[in-house]
Amino acid sequence: MQIIFFLLAATALISGIMVVIQVNPVRSALFLVLNFFALAAIYLLANAQFIAAIQIIVYAGAIMVLFLFVIMLLNLRQPEEGGAHRHLGQKIFGSSLATAVIALVIYKVFRMIVPPGKPLTPDFGSTEMVAKSLFTDYLLPFEMTSILLLVAVVGAVILARSKVE
Amino acid sequence: MNLPLLIGVMVVKILVVFVVFLTTIAYVVLMERKVLGFIQFRYGPNRVGPWGLLQPLADALKLIFKEDFTPPGANRFLFVLAPVIVGLTAFLPLAVIPFADKILPDTLTIYGQKLDLTVASLNRGVIADVNIGLLYIFAVASMAVYGAVIGGWSSNNKYSLLGALRLSAQMISYELALGLSVIGVLMIAGTLSLVKIVEAQQHMWFIVYQPLGFILFLTAAFAECARTPFDLIECENELVAGYQTEYSSMKWGLLMMGEYGHVVIASALTTTLFLGGWQGPFLPPVVWFLLKTFILIFFFIWVRGTFPRFRFDQLMYFGWKVLLPLSLVNILLTGIIMLYMPR
């Protein structure tokens, strides 16, 4: 079990890094799909079958297809030669900011004394358990998320509406 | 408990199912050509073997010996990966579809070793009884679009790219209706496991409780398989052959196998969800399952022979403004009826 977990974790990390360093946007997107698969497999190892299936259906099956669709529709070319020196200031600023954030996170994590959590029940990731906690303990955040999505849909419709009155 | 022998039994079972599936695909292609020939007052293939029965073999041989051409400017790795994804996603759903009740006795004695076949449901007529079976199928099926998208993009051809774009738009639109149309079945059966869904239909098929759901599911399945009223991705007069334009030899063969594999899987899944799966009187369960599946496959072919093709805006209109609201209405109606008519 542990060997499988570390293999999956390595796949997730490497594909995650590849997403960032690939120049070609289509390849970046495909590495992100691989990353999602590794995460779904880790969920499966943790006995959370429902979350694993939803991870694949929603992220890899729907969102990434739309991403690829947009990338192909815009037909992004690879950046021209000499791109290494462009946006030099942004690159320095961005990488130093990212380093700072990572340093902060590592500092906090090592400082924090993790309280021992409750042991998980074996069926915590099953469809029934997820549904039960969504519709009892977390009903309010769940419904608020749905309103948030509705607002986003209405906003998208208004933005996409043609100007003809 | 003898692990190697159990794994051996499992491998044999998977192989048998897989070989039957591949043979089915090969003969569904022949069946389609024959039935289309009948509809169009032609003979269809009748040269190879009696009644053209060996035609799939000849087709496969022809494909294997054809030149395997990769167009210049294509992304070689992705160009090869695309047919692999298409084929794989067509084969994977087979693992959770129950095709019979019990196919083996509970215990079996091989070489003097007593095997307990109830382990991992080895004696049941299903490869893996997963408790999220239906979600697994949706997850795998939603991956199929990657094969087409990657193939269309990596071919370095305008027609391929346009075909891939059309397909991804179509898949996204109809996946919603497909997913929502089975919620009614899930509400009645109360489980995601396909084995339990079939068992829940012991007294009555779900098509009786879910007539609207059945029609919606079948329509959305037609669109997901990109079959005739919805086959805009390979609309010959506009796009040559859609995303498959640049493919040749066995790579094209794998794309075709994927396409017909989707038809077979869609028919088998419709049988499982709405038509009682392997249940039926007198005949053995496997026969019932195959009979129902092949009737649905025939329906797929029949529609191809008799229906014209949608225009793309009609396709989008139909998916978003007809199928999606109707499937939501279906969920609402099912909920109301279940609430006020306790069984």
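What counts and what doesn't
- Residues numbered from 1 in each chain as written.
- Chains lettered and ligands numbered in written order.
- Predicted model: local features only at pLDDT ≥ 70, side-chain atom pairs only at ≥ 80, totals over all residues.
- Heavy atoms only, no water.
- Helix = DSSP H or I, 4+ residues; strand = E, 2+ residues; numbered from the N terminus.
- Rg over C-alpha atoms; globule rule 2.2 N^0.38 Å.
- Buried < 20%, exposed > 50% of the residue type's maximum accessible area, 1.4 Å probe, protein only.
- Contact = heavy atoms within 4.5 Å.
- Areas by Shrake-Rupley, 256 points an atom, 1.4 Å probe, with all protein chains shown as cover.
- Lys, Arg positive; Asp, Glu negative; His and termini not counted.
- Charge placed at Lys NZ, Arg CZ, Asp CG, Glu CD.
- Buried area = accessible area lost by both parts, 1.4 Å probe.
- Salt bridge = Lys/Arg side-chain N within 4 Å of Asp/Glu carboxyl O.
- Polar contact = N/O pair within 3.5 Å; in protein donor to acceptor, adjacent residues only side chain to side chain.
- Nonpolar A, V, L, I, M, F, W, Y, C, P; charged D, E, K, R; others polar.
- Core = buried A, V, L, I, M, F, W, Y, C linked by side-chain atoms within 4.5 Å.
- Domains from an automatic or database assignment.
- Phe/Tyr/Trp six-rings, centres within 6.5 Å; stacked < 30°, edge-to-face > 60°.
- Pairing = 2+ DSSP bridges.
- 1 Å grid on protein atoms, 1.4 Å probe; cavity = no way out; pocket = protein on both sides within 12 Å on 5 of 7 lines; lining within 4 Å.
- Points joined across faces, edges and corners; volume = space filled by probe spheres on them.
- Axes fitted to C-alpha atoms, helices over the stretch in contact; angles between N-to-C directions.
- Parallel < 35°, antiparallel > 145°, perpendicular 65-115°, else oblique.
- Left-handed = near helix turned anticlockwise from the far one by under 90°.

Caption draft 1: Quick look at the overall build of chain B. Tallying secondary structure elements over chain B gives 13 helices and 4 strands in all. For 343 residues, the compact-globule formula gives about 20 Å, and the C-alpha radius of gyration of chain B, at 21 Å, lands near that figure. Reported as C-alpha extents along the three principal axes, the dimensions of chain B are approximately 60 × 55 × 40 Å. Looking at chain B as a whole, 52% of its 343 residues qualify as buried. Look at the contacts in chain B between residues 6 or more apart in sequence, and 78% of them connect residues 24 or more apart. Carbon and sulfur atoms make up 72% of the accessible area of chain B, which amounts to about 16400 Å² in all. Positive and negative charge centroids in chain B, built from 22 and 18 side chains respectively, lie 4 Å apart.

Caption draft 2: Examining the interface of chain A and chain B more closely. Chain A puts 23 residues into the contact, and the matching count from chain B is 21 residues. Note on chain A versus chain B: buried area summed over both sides is about 1900 Å², and carbon and sulfur give 80% of it. Across the chain A-chain B interface, the total number found is 0 salt bridges. For the pair chain A and chain B, the number of links is 1 residue pair in polar contact (both at pLDDT 80 or more). Looking at the side of chain A that touches chain B, the elements that each hand over two or more residues are helix H2 (25-45) and helix H3 (49-74) of chain A. Sort the elements by how many residues they give to the side of chain A that touches chain B and H3 of chain A lands first, with 16 residues. Taken together, the residues that form the side of chain A that touches chain B break down as 18 nonpolar, 4 polar and 1 charged.

Caption draft 3: Structural context of the pattern of salt bridges. Residues and elements named next belong to chain B. Across all of its chains, the model carries 3 salt bridges over all chains by this definition. Ionic pairing is found between Arg 33 and Asp 59, a salt bridge with its closest N-O pair at 3.2 Å. With Arg 33 in helix H1 (residues 3-39) and Asp 59 in helix H2 (residues 55-65), this residue pair connects regions lying 26 residues apart in the sequence.

Caption draft 4: Expanded view of the nonpolar core. Core analysis: the biggest nonpolar cluster contains 111 residues, and Leu 134, Tyr 146, Leu 194, Ile 197 and Leu 273 of chain B have the highest contact counts within it. Not counting chain neighbours up to four residues away, the residues in contact with Tyr 146 of chain B comprise Leu 30, Val 33, Ala 60, Met 64, Val 65 and Leu 68 of chain A together with Ile 85 and Gly 151 of chain B.

Caption draft 5: Local environment of the domain arrangement of chain A. Residue and element names in this part refer to chain A. Segmenting chain A into domains produces domain 1 (2-78 + 87-125) and domain 2 (126-165). Domain 1 puts 5 residues into the contact, and the matching count from domain 2 is 4 residues. Carbon and sulfur atoms make up 66% of the area that domain 1 and domain 2 hide from each other, which totals about 420 Å². Inspection of the region where domain 1 meets domain 2 yields 0 salt bridges. Linking domain 1 with domain 2 are 0 residue pairs in polar contact (both at pLDDT 80 or more).

Caption draft 6: Examining the packing of aromatic side chains more closely. Here the structure, examined in full by the defined rule, presents 14 aromatic pairs over all chains. Seen in terms of ring centroids, Phe 5 of chain A and Phe 6 of chain A are 5.5 Å apart; in terms of plane orientation they differ by 65°. Their pairing is edge-to-face. Where Phe 217 of chain B meets Phe 274 of chain B, the ring centres are 5.6 Å apart and the plane angle is 50°; that geometry is what we call tilted. Residue Phe 217 of chain B is found in helix H9 (residues 211-224), and its partner Phe 274 of chain B is found in helix H11 (residues 249-274); the two are separated by 57 residues along the sequence.

Caption draft 7: Seen up close, the pairing of strand S3 (residues 113-116) of chain B. Residue and element names in this part refer to chain B. In the sheet, strand S2 (residues 107-110) pairs with S3 via 4 bridges, with the strands oriented antiparallel. Within the sheet, the bridge partner assigned to Leu 108 lies in S3 and is Leu 115. Count of turn residues in the S2/S3 antiparallel hairpin: 2 residues, of which Tyr 111 carries a positive phi of about 50°.

Caption draft 8: The arrangement of the layout of surface pockets in detail. For the largest pocket, the calculated volume is near 2200 Å³. Considering the residues around the largest pocket, the lining is formed by 50 residues, among which Ile 54 of chain A together with Leu 135, Gly 179, Leu 180 and Ile 183 of chain B are closest to the centre. The set of elements that each furnish at least two residues to the lining of the largest pocket consists of H3, helix H5 (127-135) and helix H6 (139-160) of chain A together with helix H4 (133-154), helix H5 (158-181), helix H6 (183-189) and helix H13 (312-340) of chain B. Split by residue class, the lining of the largest pocket holds 34 nonpolar, 12 polar and 4 charged. Looking at which domains feed residues into the lining of the largest pocket, each of domain 1 (2-78 + 87-125) and domain 2 (126-165) of chain A supplies at least three.

Caption draft 9: A look at unusual backbone geometry. All names here are of chain B. In this model, Phe 41 sits at a positive phi of 55°, which is unusual for a non-glycine residue. Relative to the assigned elements, Phe 41 resides in the loop between H1 and H2. You can call Phe 41 exposed: its relative accessible area is 80%. Positive phi, normally seen in glycine, also occurs at Phe 282, with a value near 65°. Relative to the assigned elements, Phe 282 resides in the loop between H11 and helix H12 (285-306). When its relative accessible area of 86% is taken as the criterion, Phe 282 is described as exposed.

Caption draft 10: Molecular detail of the packing of H3 of chain A against H5 of chain B. For the pair H3 of chain A and H5 of chain B, interaxial distance at closest approach is 10 Å and the crossing angle is 150°. With respect to their mutual orientation, H3 of chain A and H5 of chain B come out roughly antiparallel. As H3 of chain A runs across H5 of chain B, the sense of the crossing is left-handed. Contacts between H3 of chain A and H5 of chain B involve Gly 61, Ala 62, Val 65, Leu 66, Phe 69, Met 72 and Leu 73 of chain A on the former and, on the latter, Leu 161, Leu 165, Ser 168, Ala 169, Ile 172 and Glu 175 of chain B. Considered class by class, the residues forming the contact of H3 of chain A with H5 of chain B number 10 nonpolar, 2 polar and 1 charged.

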